[in-house]
Amino acid sequence: MNNHTPVIAIDGPSASGKGTVAERVAAALGFRYLDSGVLYRVATLQALRRGAPLEDAEALATIARDLEIAFRDGKLWLEGEDVTEAVRTEAVSAATSRVAASPAVREALLARQRAFREGPGLVADGRDMGSVVFPDATLKVFLTADVATRAERRHKQLMEKGMCAKMADVVEELRQRDARDSARPVAPLRHYPDAVFLDTTRLTIDQAVGQVLAWYRERAGA
Ligand code: DC
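Presented here is a report on the structure given in the accompanying data block. (Residues numbered from 1 in each chain as written. Predicted model: local features only at pLDDT ≥ 70, side-chain atom pairs only at ≥ 80, totals over all residues. Heavy atoms only, no water.)

This paragraph deals with the overall build of the protein chain. The secondary structure content of the protein chain amounts to nine helices and eight strands. What you see for the protein chain is a C-alpha radius of gyration of 17 Å, in line with the 17 Å of a compact globule of 222 residues. For the protein chain, the spread of C-alpha atoms along the principal axes amounts to about 50 × 40 × 35 Å. Split into buried and exposed, the 222 residues of the protein chain put 48% on the buried side. Taking all contacts inside the protein chain whose residues are at least 6 apart in sequence as the whole, residues at least 24 apart take part in 75%. A total accessible area of about 10600 Å² is found for the protein chain, and carbon and sulfur atoms account for 53% of it. Charged side chains in the protein chain number 31 positive and 31 negative. The centres of these two groups are separated by 2 Å. (Helix = DSSP H or I, 4+ residues; strand = E, 2+ residues; numbered from the N terminus. Rg over C-alpha atoms; globule rule 2.2 N^0.38 Å. Buried < 20%, exposed > 50% of the residue type's maximum accessible area, 1.4 Å probe, protein only. Contact = heavy atoms within 4.5 Å. Areas by Shrake-Rupley, 256 points an atom, 1.4 Å probe, with all protein chains shown as cover. Lys, Arg positive; Asp, Glu negative; His and termini not counted. Charge placed at Lys NZ, Arg CZ, Asp CG, Glu CD.)

One pass over the full model with this rule turns up three aromatic pairs. Between Phe31 and Tyr216 the ring centres are 5.8 Å apart and the planes differ by 85 degrees, which places this aromatic pair in the edge-to-face class. In this pair, Phe31 is assigned in the loop between α1 (18–29) and β2 (32–35) and Tyr216 in helix α9 (residues 205–220), connecting sequence segments 185 residues apart. Each member of the pair, Phe31 together with Tyr216, is buried. Residues Phe142 and Phe197 carry aromatic rings whose centres are separated by 6.1 Å and whose planes lie at 15 degrees to one another, so their mutual orientation is stacked. On the criterion of sequence distance, the pair formed by Phe142 in strand β7 (residues 139–144) and Phe197 in strand β8 (residues 196–199) is long-range, its members being 55 residues apart. Residue classification places Phe142 among the buried positions, given a relative accessible area of 8%. The ring of Trp77 is capped by Arg72, whose NZ or CZ atom sits 4.9 Å from the centre of that ring. (Phe/Tyr/Trp six-rings, centres within 6.5 Å; stacked < 30°, edge-to-face > 60°. Lys NZ or Arg CZ within 6 Å of the ring centre and 35° of its normal.)

Strands belonging to one sheet form pairs held by backbone hydrogen bonds; the direction of such a pair is parallel or antiparallel. Sheet architecture is open: three strands sit in the order β3-β4-β5, paired in antiparallel fashion. Every other strand in the sheet has two partners, leaving β3 (69–72) and β5 (81–82) as the edge strands with one partner each. Two strands pair when backbone bridges link them, and strand β4 (residues 75–78) and β5 are joined in this way by two bridges, in the antiparallel orientation. Residue Trp77 lies in a different strand from β5, and its bridge partner there is Asp82. (Pairing = 2+ DSSP bridges.)

What follows covers the packing of helix α7 (residues 147–160) against helix α8 (residues 167–183). Relative to each other, α7 and α8 sit at 120 degrees, their axes nearing to 9 Å. Judged by the angle between their axes, α7 and α8 are oblique. Like other packed secondary-structure pairs, α7 and α8 cross with a definite hand, here right-handed. Listed contacts from α8 to Val147, Ala148, Arg150, Ala151, Glu152, Arg154, His155 and Leu158 of α7 are Met167, Val170, Val171, Leu174, Arg175, Arg177 and Asp178. (Axes fitted to C-alpha atoms, helices over the stretch in contact; angles between N-to-C directions. Parallel < 35°, antiparallel > 145°, perpendicular 65-115°, else oblique. Left-handed = near helix turned anticlockwise from the far one by under 90°.)

As for its position among the elements, Leu45 is in helix α2 (residues 36–50). Relative accessible area serves as the criterion here: at 7%, Leu45 is assigned to the buried category. A C-alpha to C-alpha distance of 6.3 Å links Leu45 and Val92, two positions 47 residues apart in sequence. Setting aside chain neighbours within four positions, we find Leu45 in contact with Leu78, Val83, Ala86, Val87 and Val92.

With 41 residues, the main nonpolar core has Leu34, Val42 and Phe134 as its most contacted residues. Taken together, the elements giving at least two residues each to this core come down to β1 (7–11), α2, α3 (57–66), β4, α4 (90–99), α5 (103–114), β6 (122–126) and α6 (129–133). The leading source of residues in this core is α2, at seven residues. Once you skip the residues sitting within four places of it in the chain, Phe134 turns out to touch Val7, Leu34, Gln113, Arg114, Arg117, Leu122, Ala124, Met129 and Lys140. In this structure, Val21, Ala22, Val141 and Trp215 belong to the second largest nonpolar core, which totals 18 residues. (Core = buried A, V, L, I, M, F, W, Y, C linked by side-chain atoms within 4.5 Å.)

Structure (structure tokens):
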């Protein structure tokens, strides 16, 4: 990999707060931000809309490769349509963890993710940012929180969006998604050895952001 643009990779499970932390770290450093999960989500949305069977790896990979998407005005556009909300529904979330288990889909999205690496730097969040997509990242963080805390955060988010959800269902859904994301043979959700572990269960967002920035500055000698 012949690109010296610094990358901070932040991996971890659903609803751990890694997206918020990654976005704030990127803003503090003036870096670009990649939410890799949204690429898997939009590929899944397109597959559902096209009626592609979720077990047809080749059809899914073709859809993922040919996606016509743009990030503009803080929104995600698919073929000119604002799909920011549409990719966040529970149905799309559940289907995405199945689609993301396909090696062909992961391969199809690789170049698209690496294209985000542009100066002055990139903060990327997902499951395999440090292990597969940016193995030479300057800093790799595995960010998590216990399942009860993550369920509370997710539940609060859903309520704020006016969506009703029972706490027990949210916990169950998170457990199922964690299990699927961790059990897949390709790029599973896992604390890989060269990532520093950050448990945010008892941390505020500011504290988590401060810790990642401190680690980065230490590594980068900045
Ligand atoms: O981070 P998220 O909840 O938006 O991710 C949605 C799904 O995509 C989740 O099931 C895990 C998967 N994913 C992945 O396999 N690899 C990534 N780099 C990011 C997300």
